[in-house]
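# Observations on the model geometry
Residues per chain, in single letters:
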Amino acid sequence: MSCPKCNSDDWKSASLVYSEGLTHVSVRATGIASGEPGGGIGTFVASGLNQTHASRLAAPPQRSSLSFFFGILTALSLFLCFAMSWLWLIAVLFCALGMFVYFETESGHDEAHESAMAAWRELRRCERCGTFYKPTE
Ligand SMILES: [Zn+2]
């Protein structure tokens, strides 16, 4: 399967592009640590940004922060339970609801995240024009 845009057979996997970007940045950081004089830091920032941009384009899919929000809701419910003891019944109900939604979304996102990760591992980047594409398409 060649690039759908320019028909080039020269490709690199997105995961490799991503990890190469990370490696490049850390190598540059070591150069600064060894005490490179003058424009060393400027070079690092410019080069690091370029590489990070390419790496970021090829970055793996991120988890949604929705389950984190419900984690906060659960903690808030627990706080209410202690702060307003006369509302303990309502607080406990909220807490139970928060826990329920938290675990529901967590397991649901795991599946969605897994399939997104599987699709990402298949992803290729054309070395000629930089287009991301799946080999099956
Ligand atoms: Zn191409």
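Above this text sits the structure in question.
This report concerns the structure included in the present document. The structure displayed is predicted, hence computed values, not measured ones.

## A closer look at the overall build of the protein chain
Looking only at helices and strands, one finds 4 helices and 3 strands in the protein chain. Counting from the amino terminus, helix and strand elements in the protein chain follow one another as β-α-α-α-α-β-β. Classification of the 137 residues of the protein chain by burial places 11% in the buried group. Look at the contacts in the protein chain between residues 6 or more apart in sequence, and 70% of them connect residues 24 or more apart.

## What about the sheet that holds strand β2 (residues 124–126)?
One open sheet holds the 3 strands; their spatial order is β1-β2-β3, and the pairing between them is antiparallel. Each edge of the open sheet is held by one strand with a lone partner, namely β1 (11–13) and β3 (132–133). Direction of pairing for β2 relative to β3: antiparallel, over a ladder of 2 bridges. Bridge pairing in β3 links Arg125 to Phe132.

## Looking at the environment of Leu57
Turning to its location among the elements, Leu57 is positioned in helix α2 (residues 40–57). Under the C-beta neighbour-count criterion, Leu57 is labelled partly exposed, with 14 such atoms within 10 Å. Sequence spacing of Leu57 and Val17 is 40 residues, and the spatial spacing of their C-alpha atoms is 8.8 Å.

Definitions and limits used
- Residues numbered from 1 in each chain as written.
- Predicted model: local features only at pLDDT ≥ 70, side-chain atom pairs only at ≥ 80, totals over all residues.
- Helix = DSSP H or I, 4+ residues; strand = E, 2+ residues; numbered from the N terminus.
- Buried ≥ 20, exposed ≤ 12 C-beta atoms within 10 Å, placed from the backbone.
- Contact = placed C-beta atoms within 7 Å.
- Pairing = 2+ DSSP bridges.

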